[in-house]
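Residue strings, one per chain:
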Amino acid sequence: MSHEHEHKKYFGGWKLTAAIAVILAVVMCVLLIPELPIMQEKEPVEIPVLLPLSGEFKELGLELKSGIDLAFEDTGNRYTPVYYDTEGNSAKAISYVRSLYEDGYNIILGPALSAEASSLAPYAEMLGILMVCPTTTAEDLTQYPNYVFRLVSSDTYAGNGVVKIFTSVESVKNITVLWSMDDFGNSLYNAFKTAMDEAEEEWEEDGEEFPFTVTYIPIPTDLTNIKGEIAESQPDALFIVPKNPVEANRIIDLTYDEISEDVIRVVADTGYSPLVAANPNAEGIYTVNPLKQMNDPYFALMYQEKYGASPSYVDTYYGYDAANLLIMAMDASSHNDPKEVSDILKATRYLGVTGAICFDENADRYPVYTIVQIQNGEWISLPWKSVFSFNTGRH
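Cut-offs applied
Residues numbered from 1 in each chain as written. Predicted model: local features only at pLDDT ≥ 70, side-chain atom pairs only at ≥ 80, totals over all residues. Heavy atoms only, no water. Helix = DSSP H or I, 4+ residues; strand = E, 2+ residues; numbered from the N terminus. Buried < 20%, exposed > 50% of the residue type's maximum accessible area, 1.4 Å probe, protein only. Contact = heavy atoms within 4.5 Å. Areas by Shrake-Rupley, 256 points an atom, 1.4 Å probe, with all protein chains shown as cover. Axes fitted to C-alpha atoms, helices over the stretch in contact; angles between N-to-C directions. Parallel < 35°, antiparallel > 145°, perpendicular 65-115°, else oblique. Left-handed = near helix turned anticlockwise from the far one by under 90°. Nonpolar A, V, L, I, M, F, W, Y, C, P; charged D, E, K, R; others polar. Lys, Arg positive; Asp, Glu negative; His and termini not counted. Salt bridge = Lys/Arg side-chain N within 4 Å of Asp/Glu carboxyl O. Right-handed = clockwise from strand over helix to strand, strands pointing away. Patch = residues over 30% accessible without salt bridge, like charges linked within 9 Å, V, L, I, M, F, W, Y side chains within 5 Å. Charge placed at Lys NZ, Arg CZ, Asp CG, Glu CD. Pairing = 2+ DSSP bridges. Core = buried A, V, L, I, M, F, W, Y, C linked by side-chain atoms within 4.5 Å. Polar contact = N/O pair within 3.5 Å; in protein donor to acceptor, adjacent residues only side chain to side chain. Expected span 1.5 Å × (residues − 1).

A. Expanded view of the overall build of the protein. Along the protein, the regular secondary structure elements total 13 helices and 14 strands. Looking at the protein as a whole, 47% of its 395 residues are labelled buried. Within the protein, contacts between residues at least 6 apart in sequence are counted, and of these 68% link residues at least 24 apart. Summed over all atoms, the accessible surface of the protein reaches about 19,500 Å², with 53% contributed by carbon and sulfur.

Below, the structure is given as structure tokens:
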């Protein structure tokens, strides 16, 4: 046997032995390596949402929810809303928030109603619970600037806006205010009265006699006496602060025949309600809104694709912007700490579908008021200069 043959035989045996050794090593490694955890998709962050999804304010809650749902769809499953139906009940809202806080939730979208927000605000400020409220306007919320944000400007701004209209129109001397005695109505009544008292002081400081007389009439549960009180007050201008569009229409209808065609009528914000616009007796009525009338084509297209209809209420837009603003702030925070998210919101300059959003020192949204009027059954935005040159005719 040649040495070459022996070398090949030896070398071939070595290769076989090496191969077996490698295989055994691989098997041992596989057996000894601990089982690796299966990478799972990160669970979305839950954001509690407090809305009145049943009861008297169900329509408001559902409109807000439609906008909020659209906003969350854009998050790529990073966040998910969890809805809690307050039924428009402040006690129920407080119960929810207490329970949520005990479960570790301290960032909340909502509530939607001023009464609920006013009841919750002291808890939020004391416990450090961040609330982003899409449609609350109560003036007393300015006392809680650290954790209570809202996308509708406070009633202070709205009251000033209406007073500016009435005191700038030459034909107006006798003003009548009808207001609902709920949290929204009382807050706007106080804001209007304060603004009117301040205007009177300014006139007197300038040495001029204040030319306006104001009659304040609370809206009773039984509206039968309203007609007589309006007829007796003989207003040049009528400011109606209803609790909802249904009550607005009832008062508009009851007072229609008791006032002259020259009377300027302003109704407090009803969210561009198509219900009010469709009332023939409401033709010519004005309202003051702290934003521009909604016409964002991208949002309208998204809404149409999801719901098969066009958005008809401003509340839908508020819900969309409130959710997007909160999500943006949470994305910018390091660990969703309420104080950190609050600081981010205070520094935010955000352009939403309801216009530019930034907050003053009280966490109130700075307003850009728009005057709108019902013309031919539709809400139409007007330039401010037209407000100061009213012509006669039913307003």
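Read on for the rest.
B. Up close: the packing of helix H3 (residues 90-102) against helix H4 (residues 114-127). Running from N to C, H3 and H4 point in directions that differ by 25°, and their axes come no closer than 8 Å. Judged on the interaxial angle alone, H4 and H3 are roughly parallel. Considering how the two elements wind past one another, H3 and H4 form a crossing that is right-handed. Residues Ser90, Ala93, Ile94, Val97, Arg98 and Tyr101 of H3 form the contact with H4, whose participating residues are Ala115, Glu116, Ser119, Leu120, Tyr123 and Leu127. A per-class count over the contact of H3 with H4 returns 8 nonpolar, 2 polar and 2 charged.

C. Representation of the side chain of Asp315 within the structure. Structurally, the position occupied by Asp315 is in helix H11 (residues 314-332). Buried within the structure, Asp315 lacks any salt-bridge partner; Arg365 is the closest side chain of opposite charge, at an N-O distance of 11 Å. Setting aside its immediate chain neighbours within four residues, Asp315 contacts Leu60, Glu63, Leu64 and Thr135.

D. Local environment of the pairing of strand S1 (residues 45-51). Of all 7 residues in S1, 5 are buried, a share of seventy percent or more. In terms of handedness, the path from S1 via helix H2 (residues 58-73) over to strand S2 (residues 79-85) forms a crossover that is right-handed.

E. Looking closely at a negative patch on the surface. The grouping of Glu198, Glu201, Glu202, Glu204, Glu205, Asp206 and Glu208 at the surface amounts to a negative patch. Its location among the elements puts Glu208 in the loop between helix H6 (183-205) and strand S7 (213-219).

F. Structural view of the pairing of S2. Here 7 bridges tie S1 to S2, and the two strands are oriented parallel to one another. Residue pairing in the sheet places Ile47 in a bridge with Pro81 of S2.

G. Summary view of the nonpolar core. Residues Phe72, Leu109, Leu130, Phe299, Leu326, Val341 and Leu345 are the most contacted members of the largest nonpolar core, which totals 42 residues. Breaking this core down by element, the ones donating at least two residues are S1, H2, strand S3 (107-109), strand S4 (130-133), helix H10 (297-307), H11 and helix H12 (338-346). By residue number, the principal contributor to this core is H11, which donates 11 residues.

H. Looking closely at the environment of Glu361. Tracing the sequence through the fold places Glu361 in the loop between strand S12 (355-357) and strand S13 (370-375). On the accessibility criterion, Glu361 (61% relative accessible area) is exposed. Along the sequence, Glu361 and Lys346 sit 15 residues apart, while their C-alpha atoms lie 8.1 Å from each other. Excluding anything up to four places from it in sequence, Glu361 contacts Pro145 and Tyr366.

I. Quick peek at the pattern of salt bridges. Counting across every chain of the model gives 9 salt bridges. Two residues, Glu56 and Lys243, come together in a salt bridge whose shortest N-O distance is 3.6 Å. Here the residue Glu56 occupies a position in the loop between S1 and H2, and Lys243 occupies one in the loop between strand S8 (237-241) and helix H8 (245-255), the gap between them amounting to 187 residues. For Asp69, the salt bridge is made with Lys65, and the minimal N-O distance between the two is 2.9 Å. Of this pair, Asp69 and Lys65 are both found in helix H2, 4 residues apart, which corresponds to roughly one turn of the helix. Note on Asp69: relative accessible area 17%, which makes it buried.

J. Structural view of unusual backbone geometry. With an omega of 0°, the peptide bond running from Gly110 to Pro111 counts as cis. As for its position among the elements, Pro111 is in the loop between S3 and H4. Look at Asn77: it is not a glycine, yet its phi comes out positive at around 65°. Residue placement: Asn77 occurs in the loop between H2 and S2. For Asn77, a relative accessible area of 42% gives the class partly exposed. The phi dihedral of Asn376 falls on the positive side, at around 55°, and the residue is not glycine. Along the polypeptide, Asn376 turns up in the loop between S13 and strand S14 (378-382). Under the relative-accessibility criterion, Asn376 is labelled exposed at 74%.

K. Just the side chain of Ser153, in detail. Topologically, Ser153 is positioned in the loop between strand S5 (148-150) and helix H5 (155-168). Polar contacts involving the side chain of Ser153 include one to the main-chain carbonyl oxygen of Arg365, which spans 2.8 Å.

L. Layout of H11. Over its 19 residues, H11 runs 27 Å from end to end, which matches the ideal 27 Å to within 8%, given 1.5 Å per residue. The buried count for H11 comes to 16 of 19 residues, which makes it a mostly enclosed element.

M. A look at the packing of H5 against H6. Interhelical geometry of H5 versus H6 gives an angle of 50° and a closest axis separation of 8 Å. With respect to each other, H5 and H6 are oriented oblique. In the crossing of H5 with H6, the sense of the turn from one axis to the other is right-handed. Contact residues: Asp155, Thr156, Ala158, Gly159, Asn160, Val162, Val163, Phe166 and Thr167 in H5; Phe184, Ser187, Leu188, Ala191, Phe192, Ala195, Met196 and Ala199 in H6. For the contact of H5 with H6, the class distribution of residues is 11 nonpolar, 5 polar and 1 charged.

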